[in-house]
Amino acid sequence: MLSSAAGVLFDGFAYGMLLFLLSVGLSVTLGMMNFVNLAHCSFAMVGGYVTVSLAGRYGWPFLATLPMAFAAAALVSIILERTLYRRLYRASDLDQCLFTIGIVFMSIAAYAWFYSTEQQSAPVPGWLQGAHHVGGMSFANYRVFLIVVGLAVTALLILFLEKTRFGAQVRAAVDNQRMARGLGIDVDRAFMITFALGGGLAGLGGALSINVVGLDPTFALAYLVYVLIVVAVGGLGSIGGSFAAALVLGISDMAGKYYFPWLGAFLIYLVMVALLMWRPAGLFGKR
């Protein structure tokens, strides 16, 4: 029992880190910029397919593809923010939802056309394969790597958005754009960088998810639900909230599949409902 519980906690923690990487960008853009971007997982697909192309077709080392996945998704985010999204900043939530869900279906069709509907894979180096055995328990190397990356991203995000001058500028721009412009803050540039950061993190999460949950053109729609659950449970704009919510939901999902297989993936929804009844604004949300 101890061994199985430790295994469930470990796998759930790793899965939670993956959910965090996929969702924290949406938490930032939705919470700080008040923009409902349901196409967030389409940015994750950009990063995933960049890694598939570079590693699978051109022989790039897996680790070298990760910065490219981040950069490609960030670039797509900038292009969409500059050309389309900024026109909708003052639009209603319904308009933003309808527009961005349309982008989801367009991205699904595009990737199905260019990459087919089959599951994709990306080769990983030998040291990320296999597992370490400690005290009779097995810990997959790739999942350990995923946990390390997730913790590093969490620390860097907190420092960047909550402890730097730029983070203060973004929060000021969100609270009162007119006053921020009067103080000399370039609001458009701040929003563009924030959006690029959120999209880039989604791209990184998409690349890392290939060897855990797979990648196909329906990824943008299939994991949108999980991302929205993490953001809602964690609280808008809270990095710590997204981190805590991703861990709770990841461990709950793994525990449900291991101990209550007849529930399947339904346990994660029960946990979400219970947490939102307890904290309607999310674990660390203020609104």
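Please refer to the structure higher up on the page.
Since this is a predicted model, take the numbers as computed values, not measurements. (Residues numbered from 1 in each chain as written. Predicted model: local features only at pLDDT ≥ 70, side-chain atom pairs only at ≥ 80, totals over all residues. Heavy atoms only, no water.)

(A) Representation of the side chain of threonine 100 within the structure. You can see threonine 100 is positioned in helix α4 (residues 93-115). Take threonine 100: its relative accessible area is 0%, and that puts it in the buried class. Reaching out from threonine 100, the side chain makes a polar contact with the backbone oxygen of glutamine 96 at a distance of 2.7 Å. Once you skip the residues sitting within four places of it in the chain, threonine 100 turns out to touch Phe35, Val36, Asn37, Leu38, Ala39 and Tyr85. (Helix = DSSP H or I, 4+ residues; strand = E, 2+ residues; numbered from the N terminus. Buried < 20%, exposed > 50% of the residue type's maximum accessible area, 1.4 Å probe, protein only. Polar contact = N/O pair within 3.5 Å; in protein donor to acceptor, adjacent residues only side chain to side chain. Contact = heavy atoms within 4.5 Å.)

(B) Geometry of the environment of glycine 102. Assignment of secondary structure puts glycine 102 in helix α4. Given the relative accessible area of 25%, glycine 102 is considered partly exposed. Spatially, the C-alpha atom of glycine 102 lies 25 Å from that of glycine 235, the residues being 133 residues apart in sequence.

(C) A look at the pattern of salt bridges. Taken as a whole, this structure holds five salt bridges when the rule is applied. Among the ionic pairs, glutamate 81 bridges to arginine 86, the shortest N-O distance being 3.5 Å. For aspartate 188, the salt bridge identified is with arginine 181, shortest N-O distance 3.4 Å. Residue classification places aspartate 188 among the partly exposed residues on the basis of a relative accessible area of 31%. Among the charged side chains, a network of salt bridges with common partners joins Glu81, Arg86, Arg181 and Asp188. (Salt bridge = Lys/Arg side-chain N within 4 Å of Asp/Glu carboxyl O.)

(D) Focus on unusual backbone geometry. Backbone geometry places serine 116, a non-glycine residue, at a positive phi of 70°. On the accessibility criterion, serine 116 (29% relative accessible area) is partly exposed.

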